[in-house]
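Descriptive structure summary
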Amino acid sequence: MKPQLNPILYRVAAVALVGLIILCLVWELFVAPVRPGGSYLVLKVIPLLFPLRGVLKGNIYTLQWSSMLVLLYFMEGVTRAWSDPNPMSVMMAGIEIILSFVFYLCALFYLWPAKKAAKQRKKVTHQQDA
């Protein structure tokens, strides 16, 4: 039994991930860098590049671990929205919160049927072995 996965959800997750990458680059290089002229904080984009290929393909395993990774960006957005004195940086942090939350929810709901099917297969296999 193959689970019925919603392709729209992984596409929205992919768009949110690409948007998050672009946002982090623009934010730390041009719009509101910590230091004028850009900072090494732009390197925070690198971890987002690792799952990009798998997310674009809708790979279940990649979506699983990248949904945990994106929570770090959600936390960073909340922290900087709460504590950054620069209003432009607060706005960028708000966008980061939204993009990371959209990615997380889309990945979660995309993976839900696959996880349900895996549990069902495990239950059937366990009953057959008994």
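So, a few notes on the structure that sits alongside this text. Remember, predicted model here, so these are calculated numbers, not experimental data. (Residues numbered from 1 in each chain as written. Predicted model: local features only at pLDDT ≥ 70, side-chain atom pairs only at ≥ 80, totals over all residues. Heavy atoms only, no water.)

**Observations concerning the packing of helix α1 (residues 7-31) against helix α4 (residues 60-83)**
When two helices pack together, their arrangement is given by the angle between the helix axes and the distance between those axes. Viewed as axis vectors pointing N to C, α1 and α4 meet at an angle of 40°, and their least axial separation amounts to 12 Å. By the criterion of interaxial angle, the relationship of α1 to α4 is oblique. In this structure, α1 meets α4 at a crossing whose hand is left-handed. In this structure, α1 uses Tyr10, Ala13, Leu20, Cys24, Trp27 and Glu28 to contact α4, whose residues at the interface are Leu63, Val70, Tyr73 and Arg80. A class-by-class count of the residues in the contact of α1 with α4 yields 8 nonpolar, no polar and 2 charged. (Axes fitted to C-alpha atoms, helices over the stretch in contact; angles between N-to-C directions. Helix = DSSP H or I, 4+ residues; strand = E, 2+ residues; numbered from the N terminus. Parallel < 35°, antiparallel > 145°, perpendicular 65-115°, else oblique. Left-handed = near helix turned anticlockwise from the far one by under 90°. Contact = heavy atoms within 4.5 Å. Nonpolar A, V, L, I, M, F, W, Y, C, P; charged D, E, K, R; others polar.)

**Let's talk about the nonpolar core**
Within the largest apolar cluster, 27 residues are counted, with the highest numbers of intra-cluster contacts made by Leu20, Leu48, Leu63 and Phe103. For this core, the secondary-structure elements that each account for two or more residues are α1, α4 and α5 (87-129). The element that contributes the greatest number of residues to this core is α1, accounting for 11 residues. Leave out the neighbours within four places in its chain, and Leu63 touches Tyr10, Ala13, Val55, Gly58, Phe103, Ala107, Tyr110 and Leu111. (Core = buried A, V, L, I, M, F, W, Y, C linked by side-chain atoms within 4.5 Å. Buried < 20%, exposed > 50% of the residue type's maximum accessible area, 1.4 Å probe, protein only.)

**Quick notes on the environment of Pro47**
Relative to the helices and strands, Pro47 resides in helix α2 (residues 46-49). Sequence separation between Pro47 and Val70 is 23 residues; the distance between their C-alpha atoms is 9.4 Å. With residues up to four places along the chain from it excluded, the contact list for Pro47 reads Leu69 and Tyr73.

**Quick word on the packing of aromatic side chains**
Enumeration according to the criterion identifies 3 aromatic pairs in this entry. Ring geometry for Phe74 and Phe101: centres 6.2 Å apart, planes at 35°, overall tilted. Pair noted here: Phe74 is in helix α4 and Phe101 is in helix α5, with a separation of 27 residues, a long-range link. For the ring pair Phe109 and Trp112, a centre distance of 5.9 Å and an interplane angle of 40° mean the geometry is tilted. Of the two residues, Phe109 and Trp112 both sit in helix α5, 3 residues apart, roughly one turn of that helix. Taking relative accessible area as the criterion, Phe109 reaches 42% and is therefore assigned partly exposed. Trp112 gets classed as exposed once you look at its relative accessible area, which sits at 52%. Its guanidinium or amino end placed over the ring of Trp27, Lys44 lies 4.2 Å from that ring's centre, counting from NZ or CZ. (Phe/Tyr/Trp six-rings, centres within 6.5 Å; stacked < 30°, edge-to-face > 60°. Lys NZ or Arg CZ within 6 Å of the ring centre and 35° of its normal.)

Everything listed here is a matter of geometry and, on its own, says nothing about what the molecule does.
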